[in-house]
Amino acid sequence: MTYLAVAYFGMLVAIALWTYTVVQRSRRLNQRLEALEVAMSGRFENE
Amino acid sequence: MKQKVGEGLLFIGFTGIASTLLLALLWAPSVSIDAFESPAAQRIFYWHVPAAWAAFIAFGALFIGSAGWLFKRSEVMWRLHTAGAEAGLATGLMTVWSGCVWGAAEWGTPWDWTDVRLNTFGLLTLLAIYLVLGRASQPDGVETRDTFAAFGLYGFVLVPITYVATRIWSIRHPGPVVGTGDDGSINGDMGLVLLVGAISFTVFIIGHIMNSMRVTLLEQRLEQLQANMDKVI
């Protein structure tokens, strides 16, 4: 039963990490996009 | 709004999956000692079967996305293709890993190269690995997309083969326990845990597909913005 609990726990950690990665990728890209849009609008305003 | 829905579904699905594992380990009735070499390991079934179900949903999304890109040249369908490949990789690896853990305990070997279902499902997971890694390493373009979409389209043929494999070739993988036409071989409590697992994995995979589609959309927007910026500079 112990090896099974370890295997289960390992799978749960793996799926948690994967889920976290997917969400973080989306948030990071969102931030980069917003920063780029701000930079571009600032540049056009200066011109 | 869509981002919040996708993340919410991912979280609800993940919580359901964790609950399924707890129910499987602590609450689901044990199987007959005579029926299995390792009755404790049988509990992995409550993770393995729903994960495989979710993988089939993901590969279905991959098929629809691939066909949609090849025949309609739809950007939404391309995003569905990439999301299906990523979600298929996640759930495919979960299914293969849990199957190997069970096989090692029950059969004494994690893999049987003569079993049709094991090998066709393994090929499906390899296809998902190829599509995810290939897209990450190749520049985006119509030719690249066509190649990957063709693999996604024709690779789907492995899904029905995998589904019917244990009905046609009874080699080592156990046969179906639900949808067999008769009452099946699992009792009410076992069926309930399996149902909780199936619903949780379905919610999780829908959330995953929505999130992955959004990631691809953001990547495309970012590339477009950077290209525009390069033109201005």
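Residues numbered from 1 in each chain as written. Chains lettered and ligands numbered in written order. Predicted model: local features only at pLDDT ≥ 70, side-chain atom pairs only at ≥ 80, totals over all residues. Heavy atoms only, no water.

### Here we look at the overall build of chain A
Quick reminder of the rule: Secondary structure elements follow DSSP: runs of H or I of four or more residues count as helices, runs of E of two or more count as strands, with numbering from the N terminus. Three labels apply to residues, based on accessible area from a 1.4 Å probe with only protein chains included: buried if under 20% of the type maximum, exposed if over 50%, partly exposed otherwise in between. Per-residue and other accessible areas were derived by the Shrake-Rupley procedure at a 1.4 Å probe size, with only the shown protein chains allowed to occlude residues.
Along the backbone of chain A there are one helix and zero strands. Expressed as a percentage of the 47 residues in chain A, the buried residues total 32%. In the structure as shown, chain A presents an accessible area of about 3,100 Å², 62% of it carried by carbon and sulfur atoms.

### Some thoughts on the confidence of the model for chain B
Regions with low pLDDT carry predicted coordinates that are not meant to be interpreted in detail. For the record, the criterion: Think of pLDDT as the predictor's per-residue confidence, scored from 0 to 100.
In the predicted model, chain B carries a mean pLDDT of 84, and the fraction of residues at 70 or more is 85%. Between the elements of chain B, mean pLDDT differs from a low of 75, seen in helix H6 (residues 158-168) of chain B, to a high of 92, seen in helix H2 (residues 45-72) of chain B.

### So, the packing of helix H4 (residues 116-137) of chain B against helix H5 (residues 142-155) of chain B
Any two packed helices are characterised by how steeply their axes cross, that is the angle between the axes, and by the distance between the axes. All names here are of chain B. Let me state the cut-off plainly: With axes taken as lines fitted to C-alpha atoms, and helix axes fitted only over the stretch in contact, angles between N-to-C directions fall between 0 and 180 degrees. Roughly parallel means an angle under 35 degrees; roughly antiparallel, over 145; roughly perpendicular, 65 to 115; everything else is oblique. Handedness of a crossing is defined here by the sense of rotation of the near helix relative to the far one, left-handed for an anticlockwise turn of less than a right angle and right-handed for a clockwise turn. Two residues qualify as a contact provided that any one of their heavy atoms is within 4.5 Å of a heavy atom in the partner residue. In the scheme used here, Gly and all other residues not listed as nonpolar or charged are polar, with Ala, Val, Leu, Ile, Met, Phe, Trp, Tyr, Cys and Pro taken as nonpolar and Asp, Glu, Lys and Arg as charged.
With their axes 11 Å apart at the nearest point, H4 and H5 run at an angle of 165° to one another. For the element pair H4 / H5, the angle class is roughly antiparallel. Considering how the two elements wind past one another, H4 and H5 form a crossing that is left-handed. Judged by residue contacts, Leu124, Leu127, Tyr130, Leu131, Gly134 and Arg135 of H4 engage Thr147, Phe148, Phe151, Gly152 and Gly155 from H5. By residue class, the composition of the contact of H4 with H5 is six nonpolar, four polar and one charged.

### Quick look at the side chain of Thr82 of chain B
Residue and element names in this part refer to chain B. Counted only if it meets this: Two N or O atoms count as a polar contact when they lie within 3.5 Å, although within protein this holds only if one can serve as hydrogen donor and the other as acceptor, and sequence-adjacent residues are included solely when both atoms are side-chain atoms.
Tracing the sequence through the fold places Thr82 in helix H3 (residues 75-106). Looking at Thr82, the relative accessible area reads 2%, which means it is buried. Side-chain polar atoms of Thr82 contact the side chain of Thr216, separated by 3.0 Å. Excluding residues that lie within four positions of it along the chain, Thr82 makes contacts with Arg135 and Thr216.

### Concerning the pattern of salt bridges
This is how the line gets drawn: We define a salt bridge as a side-chain nitrogen of Lys or Arg found within 4 Å of a carboxyl oxygen belonging to Asp or Glu.
Tallying each qualifying case throughout the model produces eight salt bridges over all chains. One salt bridge connects Glu86 of chain B with Arg25 of chain A, and the closest N-O pair in it is separated by 3.5 Å. Here the residue Glu86 of chain B occupies a position in helix H3, and Arg25 of chain A occupies one in helix H1 (residues 2-46), the pair thus bridging two chains. The class for Glu86 of chain B is buried, based on a relative accessible area of 10%. With a shortest N-O distance of 3.0 Å, Arg145 of chain B and Glu75 of chain B are connected by a salt bridge. With Arg145 of chain B in helix H5 and Glu75 of chain B in helix H3, the pair connects residues that are 70 residues apart, well separated along the chain. Look at the salt bridges and you will find they share partners, linking Arg25 of chain A together with Glu86, Arg135 and Glu219 of chain B into a network.

### Let's talk about the packing of H2 of chain B against H5 of chain B
All names here are of chain B. Look at H2 against H5: their axes get within 8 Å of each other, and the N-to-C directions meet at 140°. By the angle between their axes, H2 is oblique relative to H5. Both H2 and H5 take part in a crossing whose hand is left-handed. For the pair H2 and H5, the contacting residues are Leu62, Phe63, Ser66, Ala67, Trp69, Leu70 and Phe71 in the first and Val142, Arg145, Asp146, Ala149, Ala150, Gly152 and Leu153 in the second. Its residues placed into classes, the contact of H2 with H5 shows ten nonpolar, two polar and two charged.

### Thoughts on the environment of Trp47 of chain B
Among the structural elements, Trp47 of chain B can be located in helix H2. Taking the relative accessible area as the measure of exposure, Trp47 of chain B reaches 0% and is therefore buried. Between the alpha carbons of Trp47 of chain B and Gly99 of chain B there is a distance of 9.5 Å; along the sequence they are 52 residues apart. If sequence neighbours within four positions are ignored, Trp47 of chain B has contacts with Met11, Leu12 and Ile15 of chain A together with Ile17, Leu21, Met94, Ser98 and Phe201 of chain B.

### Let's talk about the interface of chain B and chain A
The accessible area lost on association of the parts is a frequent measure of interface size. Note the cut-off: When two parts are put together, the accessible area they lose, computed with a 1.4 Å probe and summed over both, is reported as buried area.
Each side of the interface is counted separately: chain B has 39 residues, and chain A has 27 residues. Each partner contributes to the roughly 3,200 Å² buried at the junction of chain B and chain A, and carbon and sulfur atoms together form 77% of this total. Contact with chain A buries area across many residues of chain B, yet Leu25, Leu222 and Leu225 of chain B alone supply 17% of it, more than any other trio. For the pair chain B and chain A, the number of links is three salt bridges. Notably, a salt bridge pairs Glu7 of chain B with Arg27 of chain A, separated by 2.7 Å at the nearest N-O pair. If you look at where chain B meets chain A, you find four residue pairs in polar contact (both at pLDDT 80 or more). Within the residue set of the side of chain B that touches chain A, elements represented by two or more residues are helix H1 (2-26), H3 and helix H7 (188-232) of chain B. Broken down by element, the residue count for the side of chain B that touches chain A peaks at 14 residues, all from H7 of chain B. Classifying every residue of the side of chain B that touches chain A gives 25 nonpolar, seven polar and seven charged.

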